[in-house]
There are 4 protein chains.
Amino acid sequence: MSSEAETRASAAEVAAAMWAEDNASQSLGMRLEQVGEGRAVLSMPVTETMVNGHGICHGGFIFALADSAFAFACNWTDERTVAAHCAITYIRPARLGMRLVAEAVEVLRQGRSGVTDVTVRDETGAVIALFRGHSRTIGGKITKEEGETS
Amino acid sequence: MSSEAETRASAAEVAAAMWAEDNASQSLGMRLEQVGEGRAVLSMPVTETMVNGHGICHGGFIFALADSAFAFACNWTDERTVAAHCAITYIRPARLGMRLVAEAVEVLRQGRSGVTDVTVRDETGAVIALFRGHSRTIGGKITKEEGETS
Amino acid sequence: MSSEAETRASAAEVAAAMWAEDNASQSLGMRLEQVGEGRAVLSMPVTETMVNGHGICHGGFIFALADSAFAFACNWTDERTVAAHCAITYIRPARLGMRLVAEAVEVLRQGRSGVTDVTVRDETGAVIALFRGHSRTIGGKITKEEGETS
Amino acid sequence: MSSEAETRASAAEVAAAMWAEDNASQSLGMRLEQVGEGRAVLSMPVTETMVNGHGICHGGFIFALADSAFAFACNWTDERTVAAHCAITYIRPARLGMRLVAEAVEVLRQGRSGVTDVTVRDETGAVIALFRGHSRTIGGKITKEEGETS
């Protein structure tokens, strides 16, 4: 990262630092597709361990994908920001073999609070779920200065 | 199940049938601790694959536990009931090695709609998250008559 | 309205019929500014009876404005549609003398369920509140055939 | 109020101070029925100006009653606490002439954040709506020392 104190890490640098420590999203097979200022797109395959006997994905995994996209979208300023309250509306079932895509957009930020909307779709663009996340910025940088350890 | 048409499967029978096809909850290490009419208690350990580099559990797994408890609590009448809208409030972080316990209670049911509240706690009883789930009964039995296949 | 059974009332006709029976929105001083297919804009002044001793508007009135905008946006197909679950996030206080503007957009509809987002702003465009409404279509027309009485 | 600085105002004293400046709740005909530590019961009649042409109460007024009960339940420690995010689920319609009763209970408080649940019922005890409010304590006392003006 830049040695100039006044230079904020870019959204891509913050995302790379977050991704490096995010075992959970990685263990679910998520992929960070795009990231920008207040935006993130993540994808995840619906695998055997995520579905019931009828091949329908457990809602918790759809939520987890949306929650990860939310986290990447609302941490772009490199001030550690966490989820406070999230709501999800299920529109269509997700099925074994689908690759789900979650697109997150930070709608606004007011003081230390923020609201981020996430839409989860299948490969055809059909909406699987709508998610709205409320964040709180608790402070502390995500990226580290050279030589720094967590 | 009983051969008498008028006998509804018990909450325990419905839960057993649900559990048998719920690969997702099982793959996350969940355990069905208690089940009753409109009530369910499930537990889940916070494992390495659920945490980030700081040992903090990804919110998606906390949600998944609550969501499973919600499903067991609102399907007890043996009419297939699904999640429509869920909200979660994170109170404290969950950490690697904790065993989380989710207690779900169906607050009410009106027509085909229902509301179920879930509290997720750690082993000391400290609240980790509050969850409120809205269900829709879509019909179809969960348990099967003898000789029936899904 | 048209005597041809196959002709659906326009969004404007539905809105006019709704407005005519909506004493509540009228009694709060709301004004129907715009209406379209899945869209509605309503405004409301913050009056003496809506504020506390510090001139801050009670959240219930901000919600009521958003809720009315939601109703106009999700009834445009002339099938009676009601609110099932609504959530509001307060961003900034609204104050005595402001004219609030609520813009509602139906995000999607799946079967008889729908999701509508509403943004409430002050005259400067600053966001006062974000609202997400979940609707259920219960059926029955809002407009009436000639000679019909409610 | 007590002249001893260390004596916190009672829940009843805080409620009285809140009520005195709450024109909005008063203008809607609300009545403060009970108040305690983290608890409040308020009632409100459904009047002509709250209903549509079919005698059904606008959801905004049901929300306003719940929101007021929430405010009285979460301000009992005499530190000014405001609503951040609220969700309401409508169970049954409220009708002209009913007297609605909202019972609010603060479920928990963690740091400056809190969660309060409110149940709105009609006189027969039938549930009209369920409400969950998220609060933030912003500080400042509600009651005033003798001689103090707001």
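The structure this text deals with has already been given above.
Nothing here was measured: the structure is a model prediction, and the numbers come from that model.

Time to look at the pairing of strand 1 (residues 31-36) of chain C. All names here are of chain C. For strand 1 and strand 2 (residues 39-45), the ladder comprises five bridges, and the chain directions are antiparallel. Pairing of Q34 across the sheet is with V41, part of strand 2. Remark: two residues form the turn of the hairpin made by strand 1 and strand 2, two consecutive strands paired antiparallel; G38 in that turn has positive phi of roughly 75°.

If you look at the interface, chain A gives 32 residues, while chain B gives 32 residues. Between chain A and chain B lies a buried interface of about 2300 Å² when both sides are counted; carbon and sulfur atoms form 56% of it. Summed over the three residues of chain A that lose the most area to chain B, namely H54, H58 and Y90 of chain A, the buried surface amounts to 21% of that side. Where chain A touches chain B, the interface holds zero salt bridges. If you look at where chain A meets chain B, you find 18 residue pairs in polar contact (both at pLDDT 80 or more). At the level of secondary structure, the elements contributing two or more residues to the side of chain A that touches chain B comprise helix 2 (23-27), helix 3 (59-74) and strand 3 (81-90) of chain A. Counting residues per element, the side of chain A that touches chain B draws most heavily on strand 3 of chain A, which supplies eight residues. Of the residues in the side of chain A that touches chain B, the class split is 13 nonpolar, 14 polar and five charged.

A few words now on the relation of the copies chain A and chain B. Rotating chain A by 180° and translating it 0.0 Å along the rotation axis places it on chain B, where the RMSD comes to 0.0 Å. What we have between these two chains is a two-fold relation. Nearest to the rotation axis, the C-alpha of A87 of chain A is located 2.0 Å from it, this being the minimum over chain A. The fraction of interface residues of chain A whose copies in chain B are also interface residues reaches 100%, indicating that both copies meet through the same surface.

Here we come to the interface of chain A and chain C. Taken residue by residue, the interface counts 13 residues in chain A and 13 residues in chain C. With both chains or domains summed, chain A and chain C bury close to 1100 Å², and 61% of this area falls on carbon and sulfur atoms. When the area that chain A buries against chain C is broken down by residue, the three leading residues are Q110, L130 and R132 of chain A, summing to 43%. On the surface where chain A and chain C come into contact, there are two salt bridges. In this structure, R132 of chain A and D117 of chain C form a salt bridge, with 3.6 Å as the shortest nitrogen-oxygen distance. Inspection of the region where chain A meets chain C yields four residue pairs in polar contact (both at pLDDT 80 or more).

Taking strand neighbours across the sheet as the criterion, the 12 strands line up as 1(A)-2(A)-4(A)-5(A)-6(A)-3(A)-3(B)-6(B)-5(B)-4(B)-2(B)-1(B) in an open arrangement whose pairing is antiparallel. Looking at which strands have only one partner, the edges of the open sheet turn out to be strand 1 (31-36) of chain A together with strand 1 (31-36) of chain B. Each neighbouring strand pair of the sheet contributes to a mean axis angle of 20°, computed without reference to strand direction. Pairing analysis gives nine bridges linking strand 4 (residues 99-110) of chain A to strand 5 (residues 113-121) of chain A, with the strands arranged antiparallel. Across the sheet, residue V101 of chain A finds its bridge partner in strand 5 of chain A, namely R121 of chain A. Against the sheet, helix 1 (residues 11-20) of chain A makes contact with strand 1 and strand 2 (39-45) of chain A, and its axis sits at roughly 150° relative to strand 1 of chain A, the strand it touches most. Its contacts with the sheet place helix 3 of chain A against strand 1, strand 2, strand 3, strand 4, strand 5 and strand 6 (127-137) of chain A together with strand 3 (81-90) of chain B, and it is angled at close to 45° to strand 4 of chain A.

Let us now look at helix 1 (residues 11-21) of chain B. What sets the pattern is the α-helix's 3.6 residues per turn: residues three or four places apart point alike. Residue and element names in this part refer to chain B. Three or more residues of helix 1 are buried, namely A11, V14, A15, M18 and E21. Angular distribution of buried residues about the axis of helix 1 spans 135°; they occupy a single face of the element. Against the buried residues of helix 1 lie helix 2 (23-27), strand 1 and helix 3 (59-74).

Before going further, it helps to examine the relation of the copies chain A and chain C. Overlaying chain A with chain C gives an RMSD of 0.0 Å, the required rotation being 180° about an axis along which the chain moves by 0.0 Å. Both copies present the same face, since 100% of the interface residues in chain A are matched by interface residues at the equivalent positions in chain C.

In contact at an axis separation of 8 Å, helix 3 of chain A and helix 3 of chain B are set at 155° when each is read in the N-to-C sense. The angle between the axes of helix 3 of chain A and helix 3 of chain B places the two elements in the roughly antiparallel class. You can see that helix 3 of chain A and helix 3 of chain B cross each other, and the crossing is right-handed. Residues G59, G60, F63, A64 and D67 of chain A of helix 3 of chain A touch helix 3 of chain B, and the partners they reach there are G59, G60, F63, A64 and D67 of chain B. Here the contact of helix 3 of chain A with helix 3 of chain B is composed, by residue class, of four nonpolar, four polar and two charged.

Turning our attention to the side chain of T89 of chain B. Tracing the chain through its elements places T89 of chain B in strand 3. Look at T89 of chain B and you get buried, because its relative accessible area is 6%. A polar side-chain atom of T89 of chain B sits 2.6 Å from a polar atom in the side chain of H134 of chain D.

What counts and what doesn't
Residues numbered from 1 in each chain as written. Chains lettered and ligands numbered in written order. Predicted model: local features only at pLDDT ≥ 70, side-chain atom pairs only at ≥ 80, totals over all residues. Heavy atoms only, no water. Pairing = 2+ DSSP bridges. Helix = DSSP H or I, 4+ residues; strand = E, 2+ residues; numbered from the N terminus. Contact = heavy atoms within 4.5 Å. Buried area = accessible area lost by both parts, 1.4 Å probe. Salt bridge = Lys/Arg side-chain N within 4 Å of Asp/Glu carboxyl O. Polar contact = N/O pair within 3.5 Å; in protein donor to acceptor, adjacent residues only side chain to side chain. Nonpolar A, V, L, I, M, F, W, Y, C, P; charged D, E, K, R; others polar. Least-squares fit on C-alpha atoms with pLDDT ≥ 70 in both. Axes fitted to C-alpha atoms, helices over the stretch in contact; angles between N-to-C directions. Buried < 20%, exposed > 50% of the residue type's maximum accessible area, 1.4 Å probe, protein only. Arc of directions from axis to C-beta. Parallel < 35°, antiparallel > 145°, perpendicular 65-115°, else oblique. Left-handed = near helix turned anticlockwise from the far one by under 90°.

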